[in-house]
Amino acid sequence: AQSVSQHNHHVILSEAASLELGCNYSYGGTVNLFWYVQYPGQHLQLLLKYFSGDPLVKGIKGFEAEFIKSKFSFNLRKPSVQWSDTAEYFCAVMRGGTASKLTFGTGTRLQVTL
Amino acid sequence: EAGVAQSPRYKIIEKRQSVAFWCNPISGHATLYWYQQILGQGPKLLIQFQNNGVVDDSQLPKDRFSAERLKGVDSTLKIQPAKLEDSAVYLCASSLAAELRTEAFFGQGTRLTVV
């Protein structure tokens, strides 16, 4: 069965610190990869996505992620976090097939302190 | 472009009662998903529709949960009877198609509390 693993459940950083959130998936075929963010009280929003091509993907609000196929990873990074980045971050994987299913990781809660 | 609409936003019911949630996807989106998000966990797919047909309901507790998508547009998710462990946020999402290179858009969700 396809699974998505996020290693960090809760991360606390000071403003201006660098961020890296890990994401690994178990499916070996063609995949599309996503990072979603959920701000307190709001719905899931897409941060960035990888379909094909350049494995380094840039998203909104200064976030980026790198797809490393050999490691089945799609880690999220930001060089300098802001207090407003406090949110829950979800990695998600869609694999090809008759009916592509979007599977989420368990999420990482990021808390940015002033 | 209007987003995915869900109602109600909040619902509190007693165990063994029934409840229904409604979702209106983005116009033109053939694929509709219902997810269950329990506090502290990632969204779990309950059911996926392609137009008005079910393509995946492997994780739907069919003894108490049911869903339909009338005319391939709006969808309702029903729980009857509810259990305490059904307390969660129920998310509806839609995408143009259930295939690679498409993006899912999510609604605000319905927060269900079963007491």
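See above for the structure.
Description of the structure in this document.

1. With respect to the nonpolar core
Counting residues in hydrophobic clusters, the biggest one holds 28 residues, and the most contacted among them are Leu33(A), Trp35(A), Leu47(A), Leu48(A), Phe74(A), Leu76(A) and Tyr89(A). In this structure Leu33(A) touches Tyr25(A), Leu48(A), Lys49(A), Tyr50(A), Phe67(A), Phe74(A), Ala92(A) and Val93(A), once residues within four positions along its chain are discounted. In this structure, Cys23(B), Ile26(B), Trp34(B) and Cys92(B) belong to the second largest nonpolar core, which totals 21 residues.

2. What to know about the pattern of salt bridges
Taken as a whole and assessed by the stated rule, the structure comprises 9 salt bridges over all chains. A salt bridge links Asp57(B) to Lys62(B); the shortest N-O distance between them is 3.7 Å. Taking relative accessible area as the criterion, Asp57(B) reaches 26% and is therefore assigned partly exposed. Among the ionic contacts, a cluster of salt bridges with common partners joins Lys58(A), Glu64(A), Glu66(A) and Arg77(A).

3. Observations concerning the sheet that holds strand β7 (residues 65–69) of chain B
Across a sheet, strands are paired by hydrogen bonds formed along the backbone, either parallel or antiparallel in direction. Residues and elements named next belong to chain B. Taking strand neighbours across the sheet as the criterion, the 4 strands line up as β1-β3-β8-β7 in an open arrangement whose pairing is antiparallel. Either end of the sheet is taken by a strand with one partner, and the two such strands are β1 (5–7) and β7. Adjacent strand axes in the sheet meet at a mean angle of 15°, parallel and antiparallel pairs treated alike. Of the pairings in the sheet, the one linking strand β3 (residues 19–24) to strand β8 (residues 75–79) comprises 5 bridges and is antiparallel in character. Opposite Cys-23, over in β8, you have Ser-75 as the bridge partner.

Analysis parameters
Residues numbered from 1 in each chain as written. Chains lettered and ligands numbered in written order. Predicted model: local features only at pLDDT ≥ 70, side-chain atom pairs only at ≥ 80, totals over all residues. Heavy atoms only, no water. Core = buried A, V, L, I, M, F, W, Y, C linked by side-chain atoms within 4.5 Å. Buried < 20%, exposed > 50% of the residue type's maximum accessible area, 1.4 Å probe, protein only. Contact = heavy atoms within 4.5 Å. Salt bridge = Lys/Arg side-chain N within 4 Å of Asp/Glu carboxyl O. Pairing = 2+ DSSP bridges. Helix = DSSP H or I, 4+ residues; strand = E, 2+ residues; numbered from the N terminus. Axes fitted to C-alpha atoms, helices over the stretch in contact; angles between N-to-C directions.

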